[in-house]
Amino acid sequence: MSHDKDMIGHAVDRLADDLERLSHRIHQHPELGYQEVKAAGWLAEFLEAQGLEVARGVAGVDTAFLGTIDNGEGPTIAIMCEYDALPGIGHACGHNVIATAGAGAGAALAAVRDLLPKGRILVVGTPAEEGGGGKVRLIRGGVFRGVDAAMMVHGWDRWIGHQDLLGIVRVGFEFSGKAAHASASPWEGVNALDAVIQTFNAVSMLRQQVRPQARIHGIITHGGAAANIIPEFAAAMFYVRAPRLDDMWVLHKRVIACAEGAARATGTTLKTVEHDNAYEPMKRVQALLDVYRANLLALGPVESPAPSDRLGSSDVGNVSQVLPTIQPLVKIAPEGTPVHSRAFEAAAASPLAREGMVTAAKAMAMTALDLLTDPELLPKIRREFEATR
Ligand SMILES: [Zn+2]
Ligand SMILES: [Zn+2]
């Protein structure tokens, strides 16, 4: 390992106790998306103390922040932090580890700033990954403009280089009919619940015709007021997911067609409620993954192959569609521990989580160093990014 990388390793080791304390503090005070006031504040304070220039509340998002190491005109590398928790089960997605791995990488780079080639390092605090689409808002707010490559890690039960993510779009359906007594004069009614049930039946048939990795799942949010009233209003919410964006939008249209058909069949009127924070699939950039992997493997971990069936979604997918981005998975829990479980929540504050966080911080900082140092890398990464759809 080069002298500069040794210095990065030592810097993370020196900060490891502080980082672990910060990780545990965030873990012990779980905050939901866009309410991560404490976590964002602690991380910003930490980065400032390490010598980064920190802006709070960027892009009009109160709990977002932007830490900068400005070393002059050159490429810009972003390292992302997440720190939102889940309702009811706290940091069962381990975002406290994502936050401190990112902050640790930024702090280590600040510590070796005199050795760094020209360029800028950004540590981006991205709130509300769990459904709120914080990164979607930061992209729209211009935070990633001019960034050449971005990275973050996510806790998992194994070390994995790249895990595909499904694109996800949410769509709501509101059916309006006409109330009537369900026994005395049912023929006077127009049944909005029938339209919802018809939609579910049509979607169930559609599901047989979709590709294996597509997911369509929904709930009924309004199903009527009383069994003796023909429901005049009923509503449902669907999540539509697919590995490719164009497939996702095609599927989204077909799900809407199911609801339109149901409205036609039942004589109800349909209002489709679109949500504008679709999460996009993760675009794979092998050339960037390779740089990270070389650093990671030099630090000891052994990578596992990515499972093809355990697929979720994240707004880091949106970042990956606008610039070369990686989100490698870091082992912070015993193998077989599923995310969003109580066991994963406990693991996210365990010695294994500390080890994963420290290793990931080093690997990300070393990757950033490589990207700034080797003038061939970023153009190669950019070419691959542009050639990939
Ligand atoms: Zn999660
Ligand atoms: Zn997560």
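So, how was this worked out
Residues numbered from 1 in each chain as written. Chains lettered and ligands numbered in written order. Predicted model: local features only at pLDDT ≥ 70, side-chain atom pairs only at ≥ 80, totals over all residues. Heavy atoms only, no water. Salt bridge = Lys/Arg side-chain N within 4 Å of Asp/Glu carboxyl O. Helix = DSSP H or I, 4+ residues; strand = E, 2+ residues; numbered from the N terminus. Buried < 20%, exposed > 50% of the residue type's maximum accessible area, 1.4 Å probe, protein only. Pairing = 2+ DSSP bridges. Axes fitted to C-alpha atoms, helices over the stretch in contact; angles between N-to-C directions. Contact = heavy atoms within 4.5 Å. Disulfide = S-S within 2.5 Å. Donors = N, O, S within 2.8 Å, 3.2 Å for Na, K, Ca; no water. Expected span 1.5 Å × (residues − 1). Phe/Tyr/Trp six-rings, centres within 6.5 Å; stacked < 30°, edge-to-face > 60°. Lys NZ or Arg CZ within 6 Å of the ring centre and 35° of its normal.

Quick notes on the pattern of salt bridges
No. 1: If you walk through the whole model with that rule in mind, you get 16 salt bridges.
No. 2: Note that arginine 354 and glutamate 20 form a salt bridge whose closest N and O atoms lie 2.8 Å from each other. Here the residue arginine 354 occupies a position in helix H10 (residues 351-373), and glutamate 20 occupies one in helix H1 (residues 3-28), the gap between them amounting to 334 residues.
No. 3: Judged by its relative accessible area of 26%, arginine 354 falls in the partly exposed class.
No. 4: For glutamate 20, a relative accessible area of 19% corresponds to the buried category.

Side note on the sheet that holds strand S8 (residues 215-222)
No. 1: Strand order across the open sheet formed by 4 strands is S8-S9-S7-S10, with antiparallel pairing between neighbours. Edge positions in the open sheet fall to S8 and strand S10 (269-274), since each of these has one partner strand only. Sheet twist, expressed as the average angle between the axes of neighbouring strands with direction ignored, equals 20 degrees.
No. 2: Both S8 and strand S9 (residues 233-242) contribute to a ladder of 7 bridges, which runs antiparallel. What sits directly across from isoleucine 219, in S9, is methionine 237.
No. 3: Packed onto the sheet, helix H5 (residues 192-207) meets strand S7 (167-176), S8 and S9 and runs at close to 20 degrees relative to S9.
No. 4: Those strands touched by helix H6 (residues 245-266) are S7, S8, S9 and S10, and its axis lies near 10 degrees from that of S7.

Comments concerning the state of the cysteines
No. 1: Evaluation of the coordinates by the stated rule reveals 0 disulfides.
No. 2: Cysteine 93 provides the cysteine sulfur closest to cysteine 81, a residue in no disulfide bond, and the two sulfurs are 15 Å apart.
No. 3: Classification of cysteine 81 by relative accessible area gives buried; the value is 0%.

A word on the coordination of the zinc ion (ligand 1)
No. 1: At this site the zinc ion (ligand 1) is bound by Cys93 (SG), Glu130 (OE) and His340 (NE2), with donor distances of 2.0 to 2.3 Å.
No. 2: Here the donor residues of the zinc ion (ligand 1) are spaced in sequence according to C-x36-E-x209-H.
No. 3: A separation of 3.1 Å is found between the zinc ion (ligand 1) and the zinc ion (ligand 2), both of which receive a donor from cysteine 93. With cysteine 93 in the loop between strand S3 (76-81) and helix H3 (95-111) and glutamate 130 in the loop between strand S4 (120-125) and helix H4 (134-140), this pair connects stretches of sequence that are 37 residues apart.

Digging into the coordination of the zinc ion (ligand 2)
No. 1: Looking at the zinc ion (ligand 2), the protein donor atoms are Cys93 (SG), His95 (NE2) and His154 (NE2), and they sit 2.1 to 2.3 Å from it.
No. 2: Here the donor residues of the zinc ion (ligand 2) share one chain and are spaced in sequence as C-x1-H-x58-H.

So, H10
No. 1: Taking 1.5 Å per residue as the helical rise, H10 with its 23 residues ought to reach 33 Å, and the 33 Å between its terminal C-alpha atoms agrees with that figure.
No. 2: For H10, a buried count of 18 out of 23 residues is recorded, marking the element as mostly surrounded by other parts of the structure.

Let's talk about the pairing of S9
No. 1: Burial within S9 is extensive, with 7 of its 10 residues counted as buried.
No. 2: Summarising the sheet, S7 and S9 pair through 10 bridges and their orientation is antiparallel. Within S9, the position partnered with arginine 170 by the bridge is tyrosine 239.

Overview of the packing of aromatic side chains
No. 1: Per the counting criterion, the structure on display carries 3 aromatic pairs.
No. 2: Arranged with centres 4.7 Å apart and planes meeting at 40 degrees, the rings of phenylalanine 200 and phenylalanine 238 form a pair that is tilted. Here phenylalanine 200, found in helix H5, pairs with phenylalanine 238, found in strand S9; they are 38 residues apart in sequence, far enough to count as distant.
No. 3: One aromatic cluster is present, built from ring pairs that chain together Phe173, Phe200 and Phe238.
No. 4: Here arginine 25 stacks its cationic end above the ring of tryptophan 42, 5.0 Å away from the centre of that ring.
No. 5: Above the face of the phenylalanine 385 ring, lysine 283 is positioned so that its terminal group lies 3.9 Å from the ring centre.

Structural notes on unusual backbone geometry
No. 1: The phi dihedral of alanine 59 is positive, around 55 degrees, even though this residue is not glycine.
No. 2: Structurally, alanine 59 is set in the loop between strand S1 (53-56) and strand S2 (65-70).
No. 3: The class for alanine 59 is partly exposed, based on a relative accessible area of 35%.
No. 4: Positive phi, normally seen in glycine, also occurs at alanine 128, with a value near 55 degrees.
No. 5: Inspection of the secondary structure puts alanine 128 in the loop between S4 and H4.

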